[in-house]
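Structural features, examined
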Amino acid sequence: MMTKERRVWYDITIALVVTLSLVGIYRYITGINHDHNVVSSPVTEMRKTASVEQYGFSNEDYFFEESSIANNQFLGDILYNSGISYPLIAELEQKAKEVYDVRRIRVGKKYSIVREDSCGTAVALVYEPDPLSYVVYDFRDSVSVRNIEREYITCVETASGKLQTSLWDALVGQGYDFALVDLMEDALASSVSFYHAKKGDEFKLIYERKYIDERPISLGKLLGAYYKNARGEHYAIYFESDQYSGFFDQEARPSKKSFLLSPVKYSRISSPFSYSRFHPIKKRKIPHLGTDYAALHGTPIRTVADGVVISASYTKANGKFVKIKHDKTYQTQYLHMSRFAKGIVPGATVQRGETIGYVGSTGLATGPHVCFRFWKNGRQVNHLRENFPPADPMPELYLPSFYDKRNEIMNFLSHITIDEPRATAKSVSINQPNT
Ligand SMILES: [Zn+2]
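Everything numeric here is computed off the predicted structure, so don't read it as measured data.

1. Things to note about unusual backbone geometry
Within the chain, Tyr 55 stands out as a residue other than glycine whose phi angle is a positive 55 degrees. The residue Tyr 55 is located in the loop between strand S1 (53-54) and strand S2 (57-58) in this model. The class of Tyr 55 is buried, set by a relative accessible area of 9%. The phi dihedral of Asn 72 falls on the positive side, at around 55 degrees, and the residue is not glycine. One can find Asn 72 in the loop between strand S3 (63-68) and helix H3 (75-81). Judged by relative accessible area, which is 69%, Asn 72 ranks as exposed.

This is how it looks when you write it as structure tokens:
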């Protein structure tokens, strides 16, 4: 139980965070806040309250022995070695089924044995499946199991940069999380081809990040993205309504058109579509009616659009390949796979972005790559020259609230300067799980 005094302190902390978060959001809307203190002050207070208790056990009354799950280690073994009897373990395993089944425990994950004195029998075991939650297997009084969501704060942060060498350098070189590329690629999937990223390209991102005790735990949603390249300026604005959510450009057109630009992430084009190419194996000029993407052996290959698998088989030239029919107009083919993904058989339906196989060099191939072939009305064409049909437009009903959101995000984006060296927090909100 929390003492009365502590409870008050805790409430003050929450109130402080909420107040600051309102200030933060206001500044976030006007886009003028570059004040680090907005975040650091409440987070510091949070840690003071957290240091008194660990997993709900007072630091003064309990000892914690931290470790991680080893290969072939079962929860029952750990508990038995900590002095818990088999009947109690059996009772726990039964009770755990409805809360967090002990069979879900995974190698490498952190756990702590809780004791009342440093060498006594365990009174509880705490397992951490991810940084945002933990499971308490408790043997005090009666056997019980609780799955607790941690309290975390969500900060809105920004990232920006100008490419000197690669997107990787522009992000990681500045200390940003490289997972941001994934978010950015997803948001701008059909308007920017990131394998064409060039020196001088500029990007700005607004995104959420979750923190526990000042430690960044994970990325949240991407709220807005801007990318400028030789083809122009591209925007992606995250919009959520009661009906659907997703990314849209500044004119409310869905960012995600029905086709992705490439079948492999982070790949490079090793051989473009061409009507006369010198074939590296056949040693003569023949048309290359596909686009080759070089990638590491085993890299997932994704279907560029929704569709139905019409073949998943092998020929001497193609190696293992998959062909997909998307609609009456378009079909795509992916060659030289090392293997097919599970469930990829003729007749299977696939969704845009779904993994259909893995990069290899089966058939006529000099190294691991995907030869990507694209048919339009039965004719092989260069997919990079296609204007793909857009996804369904946003219903008019949502336009007013979308435009509000758009103006807010674009205003914020316009205030991010490119030479900003690090992410700065813009606003804070708090997550209070009902535990
Ligand atoms: Zn090819």
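2. Thoughts on a negative patch on the surface
On the surface, Glu 60, Asp 61, Glu 116 and Asp 117 cluster together to form a negatively charged patch. With respect to the helices, strands and loops of the structure, Glu 60 is situated in the loop between S2 and S3.

3. Some words on empty space enclosed by the protein
All told, the structure shown has one cavity of 30 Å³ or more when counted by the stated rule. Approximately 80 Å³ is the volume found for the largest cavity. In terms of lining residues, the largest cavity is bounded by ten residues, among which Glu 185, Ala 189, Leu 261, Ser 262 and Arg 302 are the most central. Residues of the lining of the largest cavity, tallied by class, amount to six nonpolar, two polar and two charged.

4. Observations regarding the environment of Leu 132
Tracing the backbone shows Leu 132 in the loop between strand S5 (122-130) and strand S6 (133-138). A C-alpha to C-alpha distance of 7.8 Å links Leu 132 and Glu 151, two positions 19 residues apart in sequence. Those residues in contact with Leu 132, other than ones at most four positions away along the chain, are Ile 148, Glu 149, Arg 150, Tyr 152, Lys 210, Ile 212, Ile 217 and Ser 218.

5. Some remarks on the confidence of the model for the protein chain
Here the protein chain shows a mean pLDDT of 82. Residues at 70 or above account for 83%. Between the elements of the protein chain, mean pLDDT differs from a low of 36, seen in helix H2 (residues 37-50), to a high of 97, seen in strand S22 (residues 355-359). Across residues 1-50, where pLDDT falls below 50, the model places 68 contacts with residues more than four positions away in sequence or in other chains. Of the regions scoring below 50 in pLDDT, residues 420-426 engages in 31 contacts with residues more than four places distant in sequence or in other chains.

6. Topic: the nonpolar core
Formed by 29 residues in total, the largest nonpolar core has its most connected members in Ile 301, Val 309, Val 322, Tyr 334, Ile 344 and Ile 356. At the level of elements, strand S18 (307-315), strand S19 (319-325), strand S20 (330-340), S22 and strand S23 (369-376) are the ones that each hand at least two residues to this core. If we skip the residues at most four places from it in the chain, Ile 344 touches Val 309, Ala 312, Val 322, Val 350, Glu 354, Thr 355 and Ile 356. In terms of nonpolar packing, the next biggest core, distinct from the first, is built from 23 residues, Ala 170, Ala 187, Val 192 and Leu 219 among them.

7. Remarks on the pairing of S19
Summarising burial for S19: five of the seven residues are buried, a large majority. Between S18 and S19, which pair antiparallel in sequence order, lie three residues. Alignment of S19 against S20, held across five bridges, turns out to be antiparallel. Looking at the pairing, Lys 323 lines up with Gln 333 of S20. The antiparallel hairpin formed by S19 and S20 contains four residues in its connecting segment.

8. Focus on the pattern of salt bridges
Enumeration over the complete set of coordinates arrives at 16 salt bridges. For the salt bridge of Glu 65 with Arg 115, the shortest nitrogen-to-oxygen distance reads 2.6 Å. Here the residue Glu 65 occupies a position in strand S3, and Arg 115 occupies one in strand S4 (residues 110-115), the gap between them amounting to 50 residues. Given the relative accessible area of 40%, Glu 65 is considered partly exposed. Overall, the relative accessible area of 10% leaves Arg 115 in the buried class. Between Arg 209 and Glu 157 there is a salt bridge, and its shortest N-O distance comes to 3.5 Å. Taken as a pair, Arg 209 in strand S9 (residues 202-212) and Glu 157 in strand S8 (residues 152-162) lie far apart in primary sequence, 52 residues in all. Classification of Arg 209 by relative accessible area gives buried; the value is 17%. Exposure remark for Glu 157: the relative accessible area of 3% places this residue in the buried category.

9. Some points on the sheet that holds strand S7 (residues 144-149)
Ordered by their spatial adjacency, five strands build an open sheet running S3-S4-S5-S6-S7, and the pairing between neighbours is antiparallel. Looking along the sheet, the strands with just one partner apiece sit at the ends: S3 and S7. Going across the sheet, the axis of each strand differs from the next one's by a mean of 20 degrees, ignoring polarity. Looking at chain direction, S6 and S7 are connected through six bridges and run antiparallel. In the strand pairing of S7, Tyr 137 is matched with Val 145. Across the face of the sheet, helix H4 (residues 86-96) comes into contact with S6 and S7 while running at roughly 45 degrees to S7.

Calculation criteria
Residues numbered from 1 in each chain as written. Predicted model: local features only at pLDDT ≥ 70, side-chain atom pairs only at ≥ 80, totals over all residues. Heavy atoms only, no water. Helix = DSSP H or I, 4+ residues; strand = E, 2+ residues; numbered from the N terminus. Buried < 20%, exposed > 50% of the residue type's maximum accessible area, 1.4 Å probe, protein only. Patch = residues over 30% accessible without salt bridge, like charges linked within 9 Å, V, L, I, M, F, W, Y side chains within 5 Å. Areas by Shrake-Rupley, 256 points an atom, 1.4 Å probe, with all protein chains shown as cover. Salt bridge = Lys/Arg side-chain N within 4 Å of Asp/Glu carboxyl O. Lys, Arg positive; Asp, Glu negative; His and termini not counted. Charge placed at Lys NZ, Arg CZ, Asp CG, Glu CD. 1 Å grid on protein atoms, 1.4 Å probe; cavity = no way out; pocket = protein on both sides within 12 Å on 5 of 7 lines; lining within 4 Å. Points joined across faces, edges and corners; volume = space filled by probe spheres on them. Nonpolar A, V, L, I, M, F, W, Y, C, P; charged D, E, K, R; others polar. Contact = heavy atoms within 4.5 Å. pLDDT = per-residue confidence, 0-100. Core = buried A, V, L, I, M, F, W, Y, C linked by side-chain atoms within 4.5 Å. Pairing = 2+ DSSP bridges. Axes fitted to C-alpha atoms, helices over the stretch in contact; angles between N-to-C directions.

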